[in-house]
Amino acid sequence: MQLSSPRLRAALLAAASLTLVAAVLPPPKPLGIGDTLFPQLGNPGYDVLSYDLSFTYRDNKSPLDAITVIDARALEPLERINLDFTHGTVAAARVNGEPARFESAGEDLVLTPASPVAPNVPLHIEIRHTSDPRGIADGGWVPTDDGLAMANQADAAHRVFPCNDHPSDKAYFTFRITTPAGLTAVANGMPAALPAPGAAGATTWTYRTLHPMATELAQVSIGDSTVVEATGPHGLPLRSVVPAADRKRLEPWLKKTAEHVRWMEARVGAYPFENYGVLIAKAKTGFELETQTLSLFENGLFSGTGYPAWYVEAVMVHELAHQWFGDSVTPRTWSDLWLNEGHATWYEALYADGLGKYSMERRMREAYQRSDQWRAAGGPPAAPKAAAPGEKIGLFRPAVYDGAALILYALRQEIGEKAFDRVERRWVAENRDGTAGTEDFVRLASEVAGRDLAAFLEPWLYGKTTPAMPGHPEWGGPKSV
């Protein structure tokens, strides 16, 4: 039978091409970029430039219908394209406008395009899939009392959407979230359009980041929420998201954000993003999280029972500090996590010290006494041990918090406060919107100090035991307590 439709002929030829390619290629396998702690995260061969994510939400117990559109640049010839993705069902995939074969391999989604992708050319990927909030105990979607939020750190973004799930590949994000009537959706960045009404009272909310972002920092909040807007230093838009019923109770805490930003800017320079705010969710996560421009907090932290006010403020400053350290300047590998958490802990402690509640010197001396114990349990700050399977949050141990802040304290003791302050300001200014690692920090500190600090810092970063603290001979050797 003669085929008379050019479109039908093209479709059949594309399908035949996919079949032939699949016949000669070996079975798909999961790939990674070789991160020491997460060896199968990230994928070689391309650089993601942007994500456009569409989610349709019904309730927090049902999979969301989703479309993920990725614009990237191929770095090498690609017969297959690996993406990190699991915990969802793929319905269709297209690469550069043509249907692509899709298969799962471990926690990778492997696409086989109709024809190989040449290097240094644009790569446009569209995937129709579901995003399932059910049954995840190790990150991704977090069900709240009235909806959902995201907690993707360290390796859970790919449980929400197909991506190159490693902080070394930052990209711009657009979010389009459709919710039933009466719910509010908020995401990282700025509103990119007015909320658009749809059928049966549904609304589509659109947000876009103005700076590149790591996948682990993506945030989408859906719920019975109120968006509280204010203005911070030099006109910075402040946008916080709280349960509608709790707005009045939480507003005194929200009003502290402008002063927190002002306090941080006085120490490290201008806030690096388009806006900032806190997302207070009715959920029990066991942690707070520095999702970019919109930090996630448990509602219980602000309940007024169990936590003194100074402590709550210090935690708020911790997540704010991450906007500079971890979000704007993102770790090149997960072993560089100490640069995130050590700095956030440093400014948290400095803020508490300024309130006269918990002195920096006392906190650092207590950390010094425990440092050897922490290193034995979790590895040195710049070479942490991997978390146990299924317990990725176990990566976030004391050694990368107070143990890493102790490194910064030692550096300040060694080079002096003025030089240390220059290191901090240059670190966030010179690496803004980029990625950086431990070697970069050592190099910068050495440049500012005017001498090679590698021999001084390496035992602090990588040693099994804690070196002597400069300026504090009375502290003696570290002690396990």
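Along each chain, residue indices are assigned from 1 in the same order as the chain's sequence is written. Residue-level local features of this predicted model are given only where pLDDT is at least 70; pairs of side-chain atoms are given and counted only at 80 or more, and the full residue set underlies all totals for whole chains, interfaces and linings. For the side-chain quantities, the full set of heavy atoms in the structure was used; hydrogens and water were omitted.

Participant: Help me out: how do you make sense of unusual backbone geometry in this one?
Facilitator: What you tend to see is this: most non-glycine residues have negative phi, and most peptide bonds are trans. Here the bond from Gln153 into Ala154 is cis, since omega is 5°, no more than 30 degrees from zero. By the element assignment, Ala154 lies in the loop between strand 10 (148–151) and strand 11 (172–179). We note that Asp433 has phi near 65°; this positive angle belongs to a residue other than glycine. Numbering of helices and strands runs from the N terminus, with a helix taken as a DSSP run of H or I at least four residues long and a strand as a DSSP run of E at least two residues long. Inspection of the secondary structure assignment puts Asp433 in the loop between helix 8 (417–430) and strand 21 (434–436). The classification of residues rests on relative accessible area computed with a 1.4 Å probe and restricted to protein chains. Under 20% of the type maximum is buried, over 50% is exposed, and intermediate values are partly exposed. Under the relative-accessibility criterion, Asp433 is labelled partly exposed at 26%.

Participant: Is there a simple way to explain the sheet that holds strand 3 (residues 81–84) in this structure?
Facilitator: Adjacent strands of a sheet form backbone hydrogen bonds with each other and so pair up, either parallel or antiparallel. Each pair of strands is called paired provided DSSP finds at least two bridges between the two strands. Read across the open sheet, the 3 strands follow the order 3-7-6; overall the sheet is antiparallel. A strand with exactly one partner marks an edge of an open sheet, and here the two such strands are strand 3 and strand 6 (101–105). Between one strand axis and the next, the sheet turns through 25° on average, direction left out of account. A fitted line through C-alpha atoms represents every axis, and for helices the fit uses only the stretch in contact; the resulting angles, taken between N-to-C directions, go from 0 to 180 degrees.

Participant: Looking at this structure, how should I read the packing of aromatic side chains?
Facilitator: Note on aromatic pairs: each is described by the distance of the centres and the angle between the planes. Planes of paired rings set the category: under 30 degrees apart is stacked, over 60 is edge-to-face and the rest tilted, where pairs are Phe, Tyr or Trp rings (Trp by its six-membered ring) whose centres lie within 6.5 Å. Scanning the model with the defined rule gives 23 aromatic pairs in all. Between Tyr271 and Phe273, the ring centres sit 6.0 Å apart and the planes meet at 80°, which makes this aromatic pair edge-to-face. You'll find Tyr271 and Phe273 in the same group, each marked buried. Each ring, one from Tyr409 and one from Trp475, has its centre 5.9 Å from the other, and the planes form 10°; the classification is stacked. Pair noted here: Tyr409 is in helix 7 (residues 402–415) and Trp475 is in the segment after helix 10 (454–462), with a separation of 66 residues, a long-range link. In this pair, the class of Tyr409 matches that of Trp475, namely buried.

Participant: Any chance you could explain the environment of Thr89 here in plain terms?
Facilitator: Examined against the element boundaries, Thr89 turns out to sit in the loop between strand 3 and strand 4 (90–95). When its relative accessible area of 53% is taken as the criterion, Thr89 is described as exposed.

Participant: Which parts of the structure should I look at to understand the pattern of salt bridges?
Facilitator: Oppositely charged side chains are able to pair whenever their charged atoms sit close together. The rule for a salt bridge is simple: a side-chain nitrogen of Lys or Arg has to be within 4 Å of a carboxyl oxygen of Asp or Glu. Summed over the entire model, instances satisfying the criterion amount to 19 salt bridges. One salt bridge connects Arg58 with Asp65, and the closest N-O pair in it is separated by 3.2 Å. A relative accessible area of 43% means that Arg58 is categorised as partly exposed. You can call Asp65 partly exposed: its relative accessible area is 39%. The shortest N-O distance in the salt bridge between Asp132 and Arg134 comes to 2.9 Å. Three or more residues are tied together by salt bridges with common partners; here these are Asp246, Arg249 and Lys282.

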